[in-house]
Amino acid sequence: MKAKLFISDALLHFLIVFAPALLAAARAEATVIGDLSLPRIAANTNQCAAGILSKDGLTVELEIREGAFYPEDESGPSLQVFAFAEAGKQSQIPGPMIRIPQDTWVHVTVHNLIARDVLIHGMHTRPGENDDTIDLAAGATRDVTFSAGAPGAYYYWATAGGDTLGGRPYKEDSQLHGAFIVDPRGAVAPDRVFVIGMWRDRPLAQESFDVPVINGKSWPYTERLKYPLGSEVRWVWLNPSGNVHPMHLHGSYFQVLSAGDAEQSDPVPPSRMRDVSTNFMAVGGTMTTLWKPERTGRWIFHCHILTHISPETSAFHHESMHDGGQHTDPMNHMAGLVMGITIVARDGRIMAHKSPKAERKLQLVIAKDNSNPKKYTYSILEAGQVTQTGGGPGPTLVLTRNQPVAIHITNQLDEATSVHWHGIELESYDDGVPGWGGDGPRVTPMIAPGKSFDALFAPPRAGTFIYHTHMNDLFQLTSGLYAPLIVLPEGTTFHPEGDKIFVLSRNGKRTDGELLLNGSATPAPLAFRAGVRYRLRFIDILANNSIVINAVQDGKPVEWTPIAKDGADLAPVPPFAIPASFTIAPGETYDFTFTPEKSGEIEFKYDLLLLDEHVRQVAKTTAEVR
Ligand SMILES: [Cu+2]
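Residues numbered from 1 in each chain as written. Predicted model: local features only at pLDDT ≥ 70, side-chain atom pairs only at ≥ 80, totals over all residues. Heavy atoms only, no water.

1. Section: the coordination of the copper ion
Item 1. Distances from the copper ion to its protein donors, H245 (ND1), C303 (SG) and H308 (ND1), fall at 1.9 to 2.1 Å.
Item 2. Donor residues for the copper ion sit on one chain with the sequence pattern H-x57-C-x4-H. With H245 in strand β21 (residues 245-249) and C303 in strand β27 (residues 297-303), this pair connects stretches of sequence that are 58 residues apart.
Item 3. For H245, a relative accessible area of 0% translates into the label buried. (Donors = N, O, S within 2.8 Å, 3.2 Å for Na, K, Ca; no water. Helix = DSSP H or I, 4+ residues; strand = E, 2+ residues; numbered from the N terminus. Buried < 20%, exposed > 50% of the residue type's maximum accessible area, 1.4 Å probe, protein only.)

Right under this line is the structure:
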């Protein structure tokens, strides 16, 4: 079966007029057809558990059916896919949620109503094995009975002979999955369950046009969540998709309580619990998160892989998104894996925020690069001084903890932009998400060409952060609108000779471009002194890719000490040295302290695996001077 792109009546007229152009450029194997006879598949918010729970356990009757999947508006475009359903009910994406107390007996019947053989994973006791599967021929029915097993967040999933990548289907059988939640005995804190799905038109992530969904919907059609201030917001995130997703929360930190995959769920021990603003979800991965919001306002939780949140790489939108000029509707400058969350005061009223009085004022000018108008630059102006870089990472913005700073942002580009203070805890209005951010009626505006915006905040933590565009990201970010943001403890100054920043980026949207370290593919050597303690700050702000980092001397990894992640200190974990080898995902920052032990050359290796791109930097270490 070829994937088919369905259309609503509303779009039909438009498509009749424009279909030839759309199809020519669509590249997808998607074909536009007017047959709307397939049954409609519902988006599943995972608020109701499937089946009937009795003293004998849970009885669930599932069916696998073909249908039309509407990831956007219910009258919007659709895809022809397979989906799970409960017998007698509408098919759902994600499939019906199985949710039971631990050790409950589960009796599942699955009817395969499609003309394909299906292989089902995950219909067994947890923890389980990925290769413990059920074969279900076309038209066949199977009954399985098992004990749910250990508490945790899991899922079941299936393949139906479609194309796979890394064993995960990405086309017509890409949405065959559902939550499998085993609750501990006793009272269970309220939570919400979110499943990430990914339909795509070709295997390679960097070439594909995708339809990424959360609980069956793509932004701005994803569910809107609302919590009172002081809530303990618990989320279960399940990633049966064949892609990784570094999930980023704006304006706050959250904690990961447990992590795992379809088959196991491991609680994070209290000693390893940490505050993060971005958490990496591996292919097939899961996480349970806790967020205690401290500010009212509208926030987003989103994947930091830009092709998962950009209209340009959406199978539905990319054709109308060529040059960024269409980024005029603030709700449509993002697509895909974005959740919008509103935090309201306990009494439901909008809080009147008293802005702190700025103790420091500076200007941030966003302009085209004089030498290359395709490149964009940030410049910082303060007290008559201009700090500028040659594009790539913008100038490092060094702020002081708890000092209110007013940043007057001026946009000299031909297109709208915005600035997001990535990882900083601040008011929603200043957070840089146009059309959404803000509190009550006040909405963060786009900064139109020739216009300005004043951001005001007092960063409460000292650490390593990022400032970057949050408009037309895939183009603007890869054109140079990103830079380090360093917050220092009160009364300290930044010393670049002992405090090293490593910004990893890529100057191309997809397969074009190359991996850069601090703006260069061939960075100059560093100079270290043996016996001197350095702080190393790593930032991944590539559009789409994670980087493996290794620091090696004499063929062995050197040792360094992790001290912070995403700008949050790792305390109370006592710091200890570990081999210098880790993976960093887009939107993450990691800080280490490092004391070179002996003279010689240390090689810092940066490897981007999927695109076979590499950067090397040598640190020449000289003997300690006494
Ligand atoms: Cu993603």
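From this point, the discussion proceeds with the structure in view.
2. Section: the packing of aromatic side chains
Item 1. Throughout the structure, instances matching the rule amount to 29 aromatic pairs.
Item 2. Three or more aromatic residues joined by ring pairs form one cluster here, namely F502, F528, Y534, F538, W560, F582, Y590, F592, F594 and F604.
Item 3. Above the ring of Y70, the side-chain terminus of R40 is found at 3.9 Å from the ring centroid. (Phe/Tyr/Trp six-rings, centres within 6.5 Å; stacked < 30°, edge-to-face > 60°. Lys NZ or Arg CZ within 6 Å of the ring centre and 35° of its normal.)

3. Considering unusual backbone geometry
Item 1. Following I93, the chain continues into P94 via a peptide bond in cis, with omega recorded as -10°.
Item 2. With respect to the secondary-structure elements, P94 resides in the loop between β7 (91-93) and β8 (95-101).
Item 3. The linkage connecting R126 with the following residue, P127, adopts the cis geometry, with an omega of -5°.
Item 4. Positionally, P127 belongs in the loop between β10 (118-121) and β11 (133-136).
Item 5. Of note, the phi angle at D566 is positive, near 55°, even though the residue is not glycine.
Item 6. Looking at where D566 falls in the secondary structure, it is placed in the loop between β46 (559-565) and β47 (568-569).
Item 7. We classify D566 as buried; its relative accessible area is 2%.
Item 8. In this structure, D612 takes a positive phi of about 55° despite not being glycine.
Item 9. Among the secondary structure elements, D612 is positioned in the loop between β51 (600-608) and β52 (613-622).
Item 10. The exposed category is assigned to D612, whose relative accessible area is 58%.

4. Let's talk about the pairing of strand β49 (residues 581-584)
Item 1. Alternating residues of β49 divide into F582 and I584, all buried, and S581 and T583, none buried.
Item 2. The pairing of strand β44 (residues 547-553) with β49 spans 4 bridges and is classified as antiparallel. What sits directly across from V548, in β49, is T583. (Pairing = 2+ DSSP bridges.)

5. Considerations on the pattern of salt bridges
Item 1. Under the counting rule described, the total for this entry stands at 30 salt bridges.
Item 2. For the salt bridge of R192 with E223, the shortest nitrogen-to-oxygen distance reads 2.7 Å. Placement of the pair is R192 in strand β17 (residues 192-200) and E223 in the loop between β18 (210-214) and β19 (224-228), with a sequence separation of 31 residues.
Item 3. E588 is the partner of K565 in a salt bridge, and the nearest nitrogen-oxygen pair spans 2.7 Å. With a gap of 23 residues between them, K565 in strand β46 and E588 in the loop between β49 and β50 (589-594) connect regions that are remote in the sequence.
Item 4. Relative accessible area serves as the criterion here: at 0%, K565 is assigned to the buried category. (Salt bridge = Lys/Arg side-chain N within 4 Å of Asp/Glu carboxyl O.)

6. Observations regarding the sheet that holds strand β33 (residues 405-411)
Item 1. Reading across from one edge, β31-β30-β29-β33-β37 is the order of the 5 strands in this open sheet, with mixed pairing throughout. Strand pairing shows two members of the sheet lacking a second neighbour, β31 (385-388) and β37 (452-457), which therefore form its edges. The mean inter-strand angle of the sheet, taken between neighbouring strand axes irrespective of direction, is 25°.
Item 2. Both strand β29 (residues 360-368) and β33 contribute to a ladder of 7 bridges, which runs parallel. (Axes fitted to C-alpha atoms, helices over the stretch in contact; angles between N-to-C directions.)

7. Concerning the nonpolar core
Item 1. Core analysis: the biggest nonpolar cluster contains 44 residues, and W235, W237, M247, W291, F301, M339 and I341 have the highest contact counts within it.
Item 2. Leave out the neighbours within four places in its chain, and F301 touches W235, W237, M247, H248, L249, F254, M287, L337, V338, M339 and I341.
Item 3. Of all hydrophobic cores here, the second largest spans 29 residues; its members include Y429, F453, F457 and A568. (Core = buried A, V, L, I, M, F, W, Y, C linked by side-chain atoms within 4.5 Å. Contact = heavy atoms within 4.5 Å.)

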